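# Report on the structure
One-letter residues, chain by chain:
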Amino acid sequence: MKIGKTIWETEKRVNQSMQVMKEGKFLAFLKESLKGISQIIYVENIITGLLILLAITVSSFSLGIIALLSAMIGTLVAKIGGADKTLISKGLMSYNSVLSGLVLQTCLTGPNVWIVALVGAAITAIFTATLMYFLGNVGIPILTLPFILLTWFVLLSTYKLDSIKLNESLSPQSVANWELHVEGEINLFQAIFNGIGQIFFLTETIPGLLLFLAVFWASRKMGIYAVIGNVVACVTALALGGEHTLIMLGLYSYNAILTILAVSVVYNTKENRYAPITGVVAACMTVPLMASVSIWLLPFGLPALTMPFVMSTWLILGARKVLPNV
Amino acid sequence: MKIGKTIWETEKRVNQSMQVMKEGKFLAFLKESLKGISQIIYVENIITGLLILLAITVSSFSLGIIALLSAMIGTLVAKIGGADKTLISKGLMSYNSVLSGLVLQTCLTGPNVWIVALVGAAITAIFTATLMYFLGNVGIPILTLPFILLTWFVLLSTYKLDSIKLNESLSPQSVANWELHVEGEINLFQAIFNGIGQIFFLTETIPGLLLFLAVFWASRKMGIYAVIGNVVACVTALALGGEHTLIMLGLYSYNAILTILAVSVVYNTKENRYAPITGVVAACMTVPLMASVSIWLLPFGLPALTMPFVMSTWLILGARKVLPNV
Amino acid sequence: MKIGKTIWETEKRVNQSMQVMKEGKFLAFLKESLKGISQIIYVENIITGLLILLAITVSSFSLGIIALLSAMIGTLVAKIGGADKTLISKGLMSYNSVLSGLVLQTCLTGPNVWIVALVGAAITAIFTATLMYFLGNVGIPILTLPFILLTWFVLLSTYKLDSIKLNESLSPQSVANWELHVEGEINLFQAIFNGIGQIFFLTETIPGLLLFLAVFWASRKMGIYAVIGNVVACVTALALGGEHTLIMLGLYSYNAILTILAVSVVYNTKENRYAPITGVVAACMTVPLMASVSIWLLPFGLPALTMPFVMSTWLILGARKVLPNV
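Reference entry: report on the structure contained in this document. (Residues numbered from 1 in each chain as written. Chains lettered and ligands numbered in written order. Predicted model: local features only at pLDDT ≥ 70, side-chain atom pairs only at ≥ 80, totals over all residues. Heavy atoms only, no water.)

## Notes on the interface of chain A and chain B
As a reminder, the rule being used: The contact criterion used is simple: two residues touch if any of their non-hydrogen atoms lie within 4.5 Å. For any pair of parts, buried area is found by adding up, for both, the accessible area (1.4 Å probe) each one loses once the two are put together. Should a side-chain nitrogen of Lys or Arg be within 4 Å of a carboxyl oxygen of Asp or Glu, the pair is scored as a salt bridge. Polar contact criterion, stated in full: a pair of N or O atoms within 3.5 Å, where within protein one must be able to donate a hydrogen and the other to accept it, and residues adjacent in sequence count only if both atoms are side-chain atoms. Numbering of helices and strands starts at the N terminus; helices are DSSP runs of H or I of at least 4 residues and strands are runs of E of at least 2. Put simply, Ala, Val, Leu, Ile, Met, Phe, Trp, Tyr, Cys and Pro go in the nonpolar bin, Asp, Glu, Lys and Arg in the charged bin, and everything else, Gly too, in the polar bin.
Counting residues at the interface gives 45 residues for chain A, matched by 35 residues for chain B. The three residues of chain A that bury the most area against chain B are Tyr274(A), Val322(A) and Leu323(A), which together make up 16% of that side's buried surface. The tally of links between chain A and chain B comes to one salt bridge. Across the pair Glu243(A) and Lys160(B) runs a salt bridge, and its minimum N-O distance is 3.2 Å. Applying the counting criterion to the chain A and chain B interface returns 11 residue pairs in polar contact (both at pLDDT 80 or more). Of all the secondary structure elements, the ones that give two or more residues to the side of chain A that touches chain B are α10 (220-239), α13 (275-297) and α14 (307-319) of chain A. At 12 residues, α13(A) tops the list of elements feeding residues into the side of chain A that touches chain B. In the side of chain A that touches chain B, the residues fall into 35 nonpolar, seven polar and three charged.

Structure follows, in structure tokens:
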């Protein structure tokens, strides 16, 4: 059997990696991991990564640690797996791992949560590779899909596995019993800080402020678009009669921020002459998509995560191949 | 910010388009829109488009207007987006928009329905482009998938958005509470007219008659196949023990008509020597597929639309690449 | 109409096939069908096919007959459809048909079950061709996906069709009402025999023993890996707190056997230096995947079948294109 031999080889390889790190290359590894954190908002920027990490840590110390460890694990799995070095150093192999680590730590309870979150981050890195290959064939970016699907599968499995427990805030409900309660106070200012925070599962003003800082640091243009997407989505959600409590928590706007950035700043070319307007339209579309995906997941008690963002962005990126002006 | 500038540009472009139309090209645009209506049954034929529009208008005046406006909006979005002119002029960019407009107007209630239906038609045109690109990669036609997915997402979102309401005929139900009641009278003649009508969400004899006329006008061969698919599906549904009320409403046969036309008339080549038989088999398969899809959607109260047709047709079109005789 | 003519042609062709068989080629056809049975565990080996058929027949005589007939029908459909002769003779066009025939016979009740099982086997052969084409485009094997999807759709349709009835052991249940009961005795030895049996929907010791024999006959290496995957999955399921009754029935390990064989023996290349370890990891992953898929299907009362195996295997096979060491 080759298992024994390959275990030994892996150990040797890991030991070598460790040694290399000690010899001063640990800093490079840390930089790659921080870029993994900043790639969540599409940039390769260590300061942005640090600011995001700070925002998370301010909100919860243990979440901050999980975020950094998840980024490191994602990077490590990609290295051991033999991924392209440029992809790794840009943080593109690990940003999904960061999100998985964060959300699993947030949505699960019990003494084993840390382990599940970090194992989840490791598998997310493998899944990132899988989807890169499949979606690379059609020339479309994976966005945050690996994190979304992995999280849904892990959360679903908790119903049948005694060692992991879902947070009580998540509970399955039949659509037949669903009742809509829209009423509630609205404070648009607070909603906007929560909107950017929700990308990282945070809902406070100071982390929100730090995250805006992180985006503006990376690019003033991105910062302005982030604000526009955020505001436009809140207004659309109000106009369509979305639940005010959800709007206040930023749950109707975080997808819009990621979407407008993808459509109007990151993945557009000169050919797409209406890209700024298309971005606003795509940001508005995340609102009904958020409503749809939430209802679709209601019987399983799962959160929509950034699926509305992925759907709205793919809709536009795919359409551009046939409608180049968009 | 480029948004202001691009809004201005779009306005200018729309104004130009308007002017061009006034100058006599409006007729060309209308023709393209009518072809969009006729493409629902795979033909590029203005008279067929007019007959279908007449059938819809006879059944409901407002539905007729929505159908024409949706076709025009779909065509317009494709033009502004810069789609290939041949695709637009054949009506291939807008037939899904027609269906979306019709079904949203039918399934929703409230004062905003018109707006939702027309915005839905516009987004369907973008989604048509997206799926054309994705499915073009595997060499398979999009059929009515854009309309199906868009409609499901819009209907799902109504549960969480106060400004749009689902028609009362649609209600979510747990599969665990589901009971089958097969009994009911059967009048095959009526069922057959309803079957072709259901493609356009209609259930009366005169619209059904007009629709048969529209198909036979386009091609005698298609007309005969439409009748065969229709009858075969009704008989299969009776044999398998489908609910008689649904068979009577044509809900077990509209998918079969679209399927047999696609498999035996539209997408077959000389190599597919058994195409006529395969078409009949595919038409029969839409019956259990209709049952499956309906149960799958039961917890969400969504209609199956033409999903059984899409599935059955793709099954055969894909298989032909490996089983050329089929 | 060409229908009459093509029916006549088909008849002629079938008659010719029949004649050829009588003339001594029936044995060749039988061999291809037996290879179809052995391909379920990735090998092209008549003796293995016979041993599997024996294991099934020992457990239930009628299941044995269905297995052989399904293999023959799958092969026949592929021949009539004009599939590549090498694919047919290797049994690659019919192994999914065998599984469909078996599971439909197992999950349905009533006098029409035989017909449904055999028609299901025939359509599975067409569906096998469809998915071969679609997934061939991305260079990924179809595994048992045709059988899984076909079975789910047939089982779903029974709720709405009076002529087919689901076995009482399958019943839809709301996730909101779900309660986890882990307790129960554990006998790892029995669990292991059930684990390999469950690949063919069997749960007894002697069929399990015969199946191990079939695998070891094909290749000693595969046999050892099958045992490892089996044990590793049972231990993982115990550690994660899976229901003991399900572990005992082999329901947490059959996916692991298929997965470790695919990842570590069948689809790996020299480049994948950690393939043995990756196989073990992939086998472990089938455990939470089994839990997730089961919960996802709970509202519809559907069995997970080999979906966890397909997911886990695709995850690794796709990832290898980006992470070659894996």
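## What to know about the nonpolar core
We apply this condition: Joining through side-chain atoms within 4.5 Å is the link that ties buried Ala, Val, Leu, Ile, Met, Phe, Trp, Tyr and Cys residues into a set, and such a set is a nonpolar core. Exposure classes here rest on a 1.4 Å probe applied to the protein chains alone. A residue is buried below 20% of its type maximum, exposed above 50%, and partly exposed in between.
The biggest cluster of nonpolar side chains holds 353 residues, and the ones touching the most others in it are Phe200(A), Phe200(B) and Phe200(C). The biggest single contributor to this core is helix α6 (residues 113-136) of chain A, with 14 residues. With sequence-adjacent residues up to four places away left out, Phe200(B) is seen in contact with Ile40(B), Ile41(B), Ile52(B), Ile56(B), Leu102(B) and Leu211(B).

## Here we look at the interface of chain C and chain B
Contact with chain C, which involves 36 residues of that partner, is made by 45 residues of chain B. Approximately 3,500 Å² of surface area, both sides summed, lies buried where chain C meets chain B, with 75% of it carried by carbon and sulfur atoms. Taken together, the links from chain C to chain B amount to one salt bridge. If you look at where chain C meets chain B, you find 11 residue pairs in polar contact (both at pLDDT 80 or more). For the side of chain C that touches chain B, the secondary-structure elements that each account for two or more residues are α1 (3-38), α3 (61-81), α6 (113-136) and α7 (145-157) of chain C. Examining the composition of the side of chain C that touches chain B, we find that nine residues originate from one element, α6(C), more than from any other. The residue makeup of the side of chain C that touches chain B, split by class, is 22 nonpolar, eight polar and six charged.

## Quick word on a nonpolar patch on the surface
All names here are of chain A. Here is the rule we go by: Distance thresholds for patches are 9 Å for like charges and 5 Å for nonpolar side chains (Val, Leu, Ile, Met, Phe, Trp, Tyr), applied to residues having over 30% relative accessible area and no salt bridge. For accessible areas, the Shrake-Rupley method is used with a probe of radius 1.4 Å. Any residue's cover is judged against the shown protein chains and nothing else.
A cluster of nonpolar side chains, contributed by Phe61, Ile65, Leu69, Trp114, Ile115 and Val119, occupies part of the molecular surface with about 550 Å² of accessible area. Mapped onto the nonpolar patch, the elements with two or more residues apiece are α3 (61-81) and α6. By relative accessible area, leucine 69 is classed as partly exposed at 30%.

## Describing the pattern of salt bridges
Under the definition given, this model contains 12 salt bridges over all chains. Linking Asp162(A) and Lys165(A) is a salt bridge whose minimum nitrogen-to-oxygen distance equals 3.7 Å. Taking relative accessible area as the criterion, Asp162(A) reaches 42% and is therefore assigned partly exposed. Its salt-bridge partner being Glu44(C), residue Lys35(C) comes within 3.4 Å of it at the nearest N-O pair.

## Some remarks on unusual backbone geometry
With phi around 50°, Leu143(B) is a residue other than glycine that occupies positive phi space. Backbone geometry places Tyr42(C), a non-glycine residue, at a positive phi of 70°. With respect to the helices and strands, the residue Tyr42(C) is situated in the loop between α1 and α2 (46-59).

## Comments concerning the relation of the copies chain C and chain B
Filter applied, for reference: Here the copies were fitted onto each other by least squares, based on C-alpha atoms from residues at pLDDT of at least 70 in both.
Under the fitted operation, chain C is carried onto chain B by 0.0 Å of movement along the axis and a turn of 120°, and the coordinates agree to an RMSD of 0.0 Å. What the superposition gives is, in effect, a three-fold axis relating one chain to the other. Judged by C-alpha distance, Ser174(C) is the residue of chain C that lies nearest the rotation axis, at 4.3 Å.

## Thoughts on helix α9 (residues 205-218) of chain B
All names here are of chain B. Applied cut-off: Any helix carries an expected span of 1.5 Å times its number of residues minus one.
With 14 residues, α9 should cover 20 Å at 1.5 Å per step; its first-to-last C-alpha distance of 20 Å lies within 8% of that length. Regarding α9, the residues found buried are Pro207, Gly208, Leu210, Leu211, Phe212, Ala214 and Val215. Summarising the contacts, the buried residues of α9 are in contact with α2 (46-59), α8 (188-198) and α10 (220-240).

## A short note on the side chain of Thr130(A)
Take Thr130(A): it is sitting in helix α6. Overall, Thr130(A) belongs to the buried group, its relative accessible area being 2%. Those residues within four positions of Thr130(A) in sequence are excluded, and the remaining contacts are Trp314(C), Leu315(C), Gly318(C) and Ala319(C).

## As for the packing of aromatic side chains
Residue and element names in this part refer to chain A. This is how it is decided: Side-chain rings of Phe, Tyr and Trp, where Trp is taken by its six-membered ring, are said to pair if the distance between their centres is within 6.5 Å; with planes under 30 degrees apart they count as stacked, over 60 as edge-to-face, and otherwise as tilted.
Evaluated as defined, the whole model comprises 24 aromatic pairs over all chains. Ring centres of phenylalanine 193 and phenylalanine 212 lie 5.8 Å apart, and the angle between their planes is 80°; this geometry places the pair in the edge-to-face category. Taken together, the positions of phenylalanine 193 in helix α8 (residues 188-198) and phenylalanine 212 in helix α9 (residues 205-218) put the pair 19 residues apart, joining distant regions of the chain. Under the relative-accessibility criterion, phenylalanine 193 is labelled buried at 9%. Judged by relative accessible area, phenylalanine 212 falls into the buried class, the value being 10%. An aromatic cluster of at least three residues, connected via ring pairs, comprises Tyr42, Tyr267 and Phe309.

## Regarding the side chain of Gln198(A)
All names here are of chain A. By the element assignment, glutamine 198 lies in helix α8. Owing to a relative accessible area of 10%, glutamine 198 belongs among the buried residues under this scheme. Leave out the neighbours within four places in its chain, and glutamine 198 touches Thr203, Leu249, Gly250, Leu251 and Tyr254.

## Quick word on empty space enclosed by the protein
Residue and element names in this part refer to chain B. Let me state the cut-off plainly: For cavity detection a 1 Å grid was placed over the protein atoms alone, and a set of points counts as a cavity when a 1.4 Å probe fits there but cannot get out; an open set counts as a pocket when protein lies on both sides within 12 Å along at least five of seven lines, with lining residues being those that have an atom within 4 Å of a point. Grid points are joined across faces, edges and corners, and a volume is the space filled by probe spheres set on the points.
Inspection of every chain in the model, using the stated rule, returns one cavity of 30 Å³ or more. Counted as a void, the largest cavity has a volume near 30 Å³. In this structure, the largest cavity is lined by Ile41, Ile52, Ile196, Ile199, Phe200, Leu211, Ala214 and Val215. The element best represented in the lining of the largest cavity is α9, accounting for three residues.

## Some details on the packing of helix α12 (residues 254-266) of chain A against α13(A)
Residues and elements named next belong to chain A. Applied cut-off: The axes used here are C-alpha line fits, helices contributing only the stretch in contact, and every angle between their N-to-C directions lies in the interval 0 to 180 degrees. An angle counts as roughly parallel when it lies under 35 degrees, as roughly antiparallel when it exceeds 145, as roughly perpendicular when it falls between 65 and 115, and as oblique in every other case. Note on convention: near helix rotated counterclockwise from far helix by under a right angle means a left-handed crossing. Clockwise means right-handed.
Contact geometry for α12 and α13: axes closest at 8 Å, N-to-C directions at 150°. Judged by the angle between their axes, α12 and α13 are roughly antiparallel. Between α12 and α13 lies a crossing whose hand is right-handed. In contact with Tyr254, Asn255, Ala256, Thr259, Ile260, Val263 and Ser264 of α12, α13 contributes Ala275, Pro276, Thr278, Gly279, Val280, Ala282, Ala283, Thr286 and Met290. Of the residues that constitute the contact of α12 with α13, the class distribution is 10 nonpolar, six polar and no charged.

## So, the relation of the copies chain A and chain B
Laying chain A over chain B is done by rotating through 120° and shifting 0.0 Å along the axis; what remains is an RMSD of 0.0 Å. Looking at chain A, a mere 2% of its interface residues are interface residues in chain B too, so the copies touch through different faces.

## Digging into the environment of Ala226(B)
Residue and element names in this part refer to chain B. Its location among the elements puts alanine 226 in helix α10. Overall, the relative accessible area of 0% leaves alanine 226 in the buried class. Spatially, the C-alpha atoms of alanine 226 and glycine 36 are 20 Å apart, while their sequence positions differ by 190 residues.

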